[in-house]
Amino acid sequence: LERALKKIDVIRLLLGKQIQNLPVAHPVQAFAPANIALCKYWGKRERELNLPQTSSLSISLGEKGATTQLAVIEAEADVVFLNDVPVPANTEFYRRLVAFLDLFRNKYYFKVTISSNLPIAAGLATSASGFAAVVLALNKLFQWQVPKETLSIFARLGSGSAARSITTGFVEWQAGRLSDGFDSYAVALPLRWETLCVGLLIFNQAAKKIGSRDAMQQTVATSPFYAAWPALVASDLEQLKIAIMDKNLSKMGFIAESNALAMHATMQAARPAIIYSEPATISAMQQIWQMREAGINVFFTQDAGPNLKLLFEESALLDVLQFFSKLEIVRPFSS
Ligand code: PMV
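Quick caveat: nothing in here was measured; it's all calculated off a predicted structure.

Novice: Help me out: how do you make sense of the nonpolar core in this one?
Specialist: Inside soluble globular proteins, nonpolar side chains tend to come together where they are buried. The biggest cluster of nonpolar side chains holds 46 residues, and the ones touching the most others in it are Phe110, Leu138 and Trp144. Mapped onto this core, the elements with two or more residues apiece are α1 (7–15), β1 (28–39), β4 (56–73), β5 (79–82), α2 (92–102), β7 (109–116), α3 (126–142) and α4 (148–158). Broken down by element, the residue count for this core peaks at eleven residues, all from α3. Residues in contact with Trp144, not counting those within four places in the same chain, are Leu15, Gln18, Asn21, Phe104, Val135, Leu138, Asn139, Leu151 and Phe154.

Novice: How do you make sense of the pairing of strand β12 (residues 308–313) when you look at a structure like this?
Specialist: Each regular strand displays side chains that alternate between the two surfaces of the sheet. The element β12 is extensively covered by neighbouring structure, given that five of its six residues are classed as buried. Pairing between strand β10 (residues 196–201) and β12: six bridges, direction antiparallel. Each bridged residue has a counterpart across the sheet, and for Leu196 the counterpart in β12 is Glu313. Bridge count for strand β11 (residues 299–302) against β12 is four bridges, and the pairing is antiparallel. The residue of β12 that forms the bridge with Gln302 is Leu308. Between β11 and β12, which follow one another and run antiparallel, lie five residues.

Novice: What is the right way to read the site of the ligand from this model?
Specialist: Around the ligand sit 14 residues in total, of which Tyr41, Ser159, Ser161, Arg164 and Ser212 are the nearest. For the ligand, an oxygen atom lies 3.1 Å from a polar atom in the side chain of Ser159. Here the ligand, which alone exposes 380 Å², has 91% of that area covered by the protein. When grouped by side-chain class, the residues that make up the shell around the ligand number six nonpolar, five polar and three charged.

Novice: Honestly, the environment of Met216 in this entry has me stumped. Any pointers?
Specialist: Assignment of secondary structure puts Met216 in helix α5 (residues 212–222). Given the relative accessible area of 3%, Met216 is considered buried. A sequence separation of 51 residues divides Met216 from Met267, and the C-alpha atoms of the two residues are 7.8 Å apart. Ignoring sequence-local partners within four residues, the contact set of Met216 consists of Tyr41, Trp42, Gly43 and Lys44.

So, how was this worked out
- Residues numbered from 1 in each chain as written.
- Predicted model: local features only at pLDDT ≥ 70, side-chain atom pairs only at ≥ 80, totals over all residues.
- Heavy atoms only, no water.
- Core = buried A, V, L, I, M, F, W, Y, C linked by side-chain atoms within 4.5 Å.
- Buried < 20%, exposed > 50% of the residue type's maximum accessible area, 1.4 Å probe, protein only.
- Helix = DSSP H or I, 4+ residues; strand = E, 2+ residues; numbered from the N terminus.
- Contact = heavy atoms within 4.5 Å.
- Pairing = 2+ DSSP bridges.
- Near = heavy atom within 4 Å.
- Polar contact = N/O pair within 3.5 Å; in protein donor to acceptor, adjacent residues only side chain to side chain.
- Areas by Shrake-Rupley, 256 points an atom, 1.4 Å probe, with all protein chains shown as cover.
- Nonpolar A, V, L, I, M, F, W, Y, C, P; charged D, E, K, R; others polar.

Printed below as a string of structure tokens:
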């Protein structure tokens, strides 16, 4: 049997001699957008490298995401700030970030300043933008000469969906087939959709009880419905790409909404069950269906948390705001 590659092997193979690069003398800063999957990534085929069972497709959230500053410091450990608050070394957040940085350095310690303009761990893909921004900052610091695909692979090693936060707009993360994951990275779709809006409907900013990492594992291992998921994704993805290319909101929204509900159905059948929805989540879904019956073209998607993300076009904005006045509006193609 072939020995499975470790993260560090992947990085060394892809960076080659560049692993020895000296850092630039000044602090660097990079931004990566959050992304919302319209066809979800749910389940790994390999857990060390975060290799997915299926491809997935997302929309990046424009200016919503994470900014990371990196500076080399004279110290015995990394110093981490999240939204201006020091992150203690005994937290899961600190450990995960430091373990990730360890993969890329030989001897340096960093001051890492991450700021997110989205609620952390509320199913709003903050880990995706966070890891992607760290990779983009490392790329500036060490001046790697690598293609974007490689940066997407590096981000994937931090968190699967981070592979899609390396670029803006619509992004497809191709699952790939190789056991080293060298063909498992994200590619942008060549399309802008200026009138597209994403609305963030946030009911609960609290961190989720079970993270996506464990939840997807539990689903793959115990849900009798998971077997149907890969084939569903294959057909949803194909239809979704056509709908996006046609800028057909109704088609795109319907597929995204159905795909999210199907993902949650696989989780609900896991043993024990995983249910991220709260009463407010279900009420909002019913509200959205009523709005559609009244002719307002709006759809939702939901990730590993109770919050919903709404999909609609600029022309429906005022109608949507009448029902959801506190909605945070994101225009993925505004800049
Ligand atoms: O990359 P992770 O481990 O945060 O998982 C992301 C899972 C979902 O957000 C539910 C789906 C997706 O494709 O983003």
